[in-house]
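Observations on the three-dimensional arrangement
So you can see what is in the structure, the chains are spelled out below.
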Amino acid sequence: MIASAEIKITPTTKSRLSEYDINNVPFGKIFADHMFVAEYENGKWSKCYIQPYQDVPMSYALSALHYGQAIFEGMKAYKSDDGHVSLFRPYENFNRLNKSAIRMAMPEVPEEIFIGGLRELLKLDQGWVPTSDTGSLYIRPFMISTDEAIGVKASDTYKFIIICCPAGKYYAEPVKVLIEHHYFRSVRGGVGYVKAAGNYGRSLYPTKLAQEKGFQQVIWTDSETNKYVEESGTMNLMFVIGDTLLTPALSDTILAGITRDSVLAVARDWGMKVEERKISTEEIMAAHANGTLKEAFGTGTAATIAHIRAIGYEDNLYELPAIEDRKFSPKVDEFLRNLRKGRENDMHHWMLQVC
Ligand SMILES: Cc1ncc(COP(=O)(O)O)c(C=O)c1O
């Protein structure tokens, strides 16, 4: 663990906390008082510091802007009923960031910087963690290449940064999603299994087209056969068909979601039958037709569970059972919320208390 002395801390002289009702702010727009920064140069991580949240002056030739060496994570801190602040499975985010770093030819971040930096940052900004039942502090660790030069090559310098923003419920209502056939999120041998910024940039146009048709998100299918569903927007995808929880098996075109893994673990703990395998759109449509498609939902850090109320496929809309009639997803959603608030037995040791 990095000693706090190695992280130079410059606290803000004027907290902005009193300006907001942090239990009631729009997602992703209001940032906590401080940010953590680590700089990489000459083949090693050197300076680590925490400073007041601020904009940075930068060169228009910044490598990340042109060649996309940019990766990120999304994770959350929760305040328990007794006032402690805990992170949910932070080592999974730490490991996934480094998987992304390797794939994007970027340097790995050591644990003492990722976890150590996060701990120090949260100690300073613990007042920014919402106390409401559905509230949390969304944490965005990210790394960008910072060479100031035009020319395609892996950068020699990088910055690893952590910023935080208070968050409430992500989707207020169940979502309507469209199965996308023409555009693909990721391809075999590509970067779909990591959190590279470009994955998100390329998803925006097809998502915009789906939104123009009245859907909130798309369901991505595999680019090789166009037959199998992979993810929904920026979430992993799950179905309950009959009594079985089904989700696409992981591959190099699917991001290994931490919420996905958690929901599968809880389902198994509860004795539910779980299958991780290829799921074709035909299978989903057949289950809808014969009445065995009970639930469909996305899983991800931002929303935890995003209930899917209808699926668009070709020119048809397939409505799903009402949320009140779903047995599994509302229950697992509530269980994870209570676990994060310290109200459930943390049998898998998923929570890491930081202050
Ligand atoms: C493409 C994609 N799939 C799935 C997820 C869900 O992952 P997690 O549950 O770790 O947030 C995310 C969000 O990080 C994502 O961006």
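Residues numbered from 1 in each chain as written. Predicted model: local features only at pLDDT ≥ 70, side-chain atom pairs only at ≥ 80, totals over all residues. Heavy atoms only, no water.

A short note on the overall build of the chain
Each helix and strand in the chain was counted, giving seven helices and 18 strands. In summary, the chain has a C-alpha radius of gyration of 21 Å against a globular reference of 20 Å for 355 residues, a match within 12%. Considering only C-alpha atoms, the chain reaches an extent of 65 × 50 × 35 Å along its principal axes. Partitioning the intrachain contacts of the chain with sequence separation of at least 6 by distance along the chain shows that 70% fall at a separation of at least 24. Total accessible area on the chain stands at roughly 16200 Å², and carbon and sulfur atoms take up 50% of it. Taken as two groups, the 40 positive and 45 negative side-chain charges of the chain have centres that lie 1 Å from each other. (Helix = DSSP H or I, 4+ residues; strand = E, 2+ residues; numbered from the N terminus. Rg over C-alpha atoms; globule rule 2.2 N^0.38 Å. Contact = heavy atoms within 4.5 Å. Areas by Shrake-Rupley, 256 points an atom, 1.4 Å probe, with all protein chains shown as cover. Lys, Arg positive; Asp, Glu negative; His and termini not counted. Charge placed at Lys NZ, Arg CZ, Asp CG, Glu CD.)

With respect to the environment of Cys165
Examined against the element boundaries, Cys165 turns out to sit in strand E8 (residues 158–167). The spacing of Cys165 and Trp128 is 37 residues in sequence and 7.8 Å in space, taken between C-alpha atoms. Once residues within four sequence positions are removed from consideration, Cys165 is found in contact with Gly28, Ile30, Phe31, Ser136, Leu137 and Tyr138.

With respect to the site of the ligand
Close contacts around the ligand come from 15 residues, with Lys195, Tyr200, Glu231, Thr259 and Thr301 the closest. The contact in question runs from an oxygen atom of the ligand to an N or O atom on the side chain of Tyr200, over 2.5 Å. Within the side chain of Thr301, an N or O atom sits 2.6 Å from an oxygen atom of the ligand. In isolation the ligand has 380 Å² of accessible area, and contact with the protein removes 96% of it. (Near = heavy atom within 4 Å. Polar contact = N/O pair within 3.5 Å; in protein donor to acceptor, adjacent residues only side chain to side chain.)

Digging into helix H3 (residues 111–125)
With 15 residues, H3 extends 20 Å between its outermost C-alpha atoms, agreeing within 8% with the 21 Å of an ideal straight helix rising 1.5 Å per residue. Within the sequence span of H3, burial applies to Ile113, Phe114, Ile115, Gly116, Gly117, Leu118, Glu120, Leu121, Leu122 and Asp125. (Expected span 1.5 Å × (residues − 1). Buried < 20%, exposed > 50% of the residue type's maximum accessible area, 1.4 Å probe, protein only.)

Some thoughts on the pattern of salt bridges
Scanning the entire structure with this criterion turns up 19 salt bridges. Two residues, Arg89 and Asp261, come together in a salt bridge whose shortest N-O distance is 2.9 Å. Taken together, the positions of Arg89 in the loop between strand E6 (85–88) and helix H2 (90–103) and Asp261 in helix H5 (residues 258–269) put the pair 172 residues apart, joining distant regions of the chain. In this structure Asp261 comes out as partly exposed when scored by relative accessible area, which is 36%. A salt bridge links Arg277 to Glu283; its shortest N-O distance comes to 2.7 Å. Residues joined in a network through salt bridges with shared partners are Lys273, Glu275, Arg277 and Glu283. (Salt bridge = Lys/Arg side-chain N within 4 Å of Asp/Glu carboxyl O.)

Let's talk about the nonpolar core
In terms of nonpolar packing, the biggest core is built from 41 residues, with Phe36, Trp45, Phe114, Ile139, Met143 and Phe160 touching the most fellow members. Elements with a contribution of two residues or more to this core: strand E2 (34–41), strand E3 (44–52), strand E5 (75–79), E6, H2, H3, strand E7 (136–145) and E8. Both domains that meet at this core, namely domain 1 (4–169) and domain 2 (175–340), each give it at least three residues. Ignoring sequence-local partners within four residues, the contact set of Ile139 consists of Glu73, Gly74, Met75, Lys76, Ala77, Leu87, Leu118, Leu122, Ile162, Ile163 and Cys164. Grouped together as the second largest cluster of nonpolar side chains are 22 residues, Met272, Phe297, Leu336 and Trp350 included. (Core = buried A, V, L, I, M, F, W, Y, C linked by side-chain atoms within 4.5 Å. Domains from an automatic or database assignment.)

Description of the domain arrangement of the chain
If you check the domain split of the chain, you get domain 1 (4–169) and domain 2 (175–340). Relative placement of domain 1 and domain 2: their C-alpha centres are 28 Å apart. With 20 residues of domain 1 in contact, the opposing surface of domain 2 contributes 21 residues. Across the domain 1/domain 2 interface, buried area totals approximately 1900 Å², and carbon plus sulfur atoms make up 60% of it. In this assembly, domain 1 and domain 2 are joined by one salt bridge. (Buried area = accessible area lost by both parts, 1.4 Å probe.)

A closer look at the packing of aromatic side chains
One pass over the structure, following the stated rule, counts 15 aromatic pairs. With a centroid separation of 5.7 Å and 25 degrees between ring planes, the pair formed by Phe114 and Phe160 is classed as stacked. A residue pair is termed long-range when its members are at least 10 positions apart, and Phe114 in helix H3 and Phe160 in strand E8 qualify at 46 residues. For the pair Phe297 and Phe328, a centre-to-centre distance of 6.2 Å together with 40 degrees between the ring planes defines the contact as tilted. (Phe/Tyr/Trp six-rings, centres within 6.5 Å; stacked < 30°, edge-to-face > 60°.)

Digging into unusual backbone geometry
Even without glycine at this site, Asn42 takes up a positive phi of about 50 degrees. Along the polypeptide, Asn42 turns up in the loop between E2 and E3. Despite not being glycine, Asn226 has its phi angle at roughly 65 degrees, a positive value. Positionally, Asn226 belongs in the loop between strand E10 (217–221) and strand E11 (229–232). Overall, Asn226 belongs to the partly exposed group, its relative accessible area being 25%.

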